Amino acid sequence: MVKTSKAKKGSVENVNAKLALVIKSGKVQMGYKSVLKTLRQGRSKLVMISSNCPAIRKSEIEYYAMLAKCIVHHYSGTNVALGTACGKMFRCSALSVTDQGDSDIVAAVE
């Protein structure tokens, strides 16, 4: 059982490192409304949703992502952890990666 928790922690750190690289070199839209806009416009490559995002918002984002044929990643941390992983001092319940830059986060999340 200990092995799985270590592997999960390593994967979270891996996603955080790749997310930091995307923030630095790519383009990201943070926030619920901005995520819906990028999904409607078809610019989104990947959507990340925090674990404590309200269920109705989560299902709406998943529905738009399904229509846009976009990958959805359920971030294991809360909205505070997702905001911190992005290097921001505020909470973020959802974010959309429109340009991954130097990172390979889309391939890693799949």
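Coordinates for the structure precede this section.
Structural notes, computed from the coordinates. Quick caveat, the model's predicted, so the values are computed rather than measured.

1. Quick look at the pattern of salt bridges
All told, the structure shown has one salt bridge when counted by the stated rule. In this structure, the salt-bridge partner of K18 is D104, at a minimum N-O distance of 2.8 Å. Of the two residues, K18 sits in helix α1 (residues 2-25) while D104 sits in the loop between β4 (94-99) and α5 (105-109), which places them 86 residues apart along the sequence. Overall, K18 belongs to the buried group, its relative accessible area being 17%. On the accessibility criterion, D104 (41% relative accessible area) is partly exposed.

2. Considerations on the nonpolar core
Of all hydrophobic cores here, the largest spans 15 residues; its most connected members are L19, L46, M48, Y75, L82, L95 and I105. Looking at this core, the elements with two or more residues in it are α1, β2 (46-49), α4 (79-85), β4 and α5. Residues within four places of M48 in sequence aside, it is in contact with V15, L19, H73, Y75, L82, S93, A94, L95 and I105. Membership of the second largest hydrophobic core comes to 11 residues, among which are Y32, L39, C70 and A94.

Criteria and thresholds
- Residues numbered from 1 in each chain as written.
- Predicted model: local features only at pLDDT ≥ 70, side-chain atom pairs only at ≥ 80, totals over all residues.
- Heavy atoms only, no water.
- Salt bridge = Lys/Arg side-chain N within 4 Å of Asp/Glu carboxyl O.
- Helix = DSSP H or I, 4+ residues; strand = E, 2+ residues; numbered from the N terminus.
- Buried < 20%, exposed > 50% of the residue type's maximum accessible area, 1.4 Å probe, protein only.
- Core = buried A, V, L, I, M, F, W, Y, C linked by side-chain atoms within 4.5 Å.
- Contact = heavy atoms within 4.5 Å.

So, to be careful, I would describe these as geometric facts and stop short of saying anything about function.
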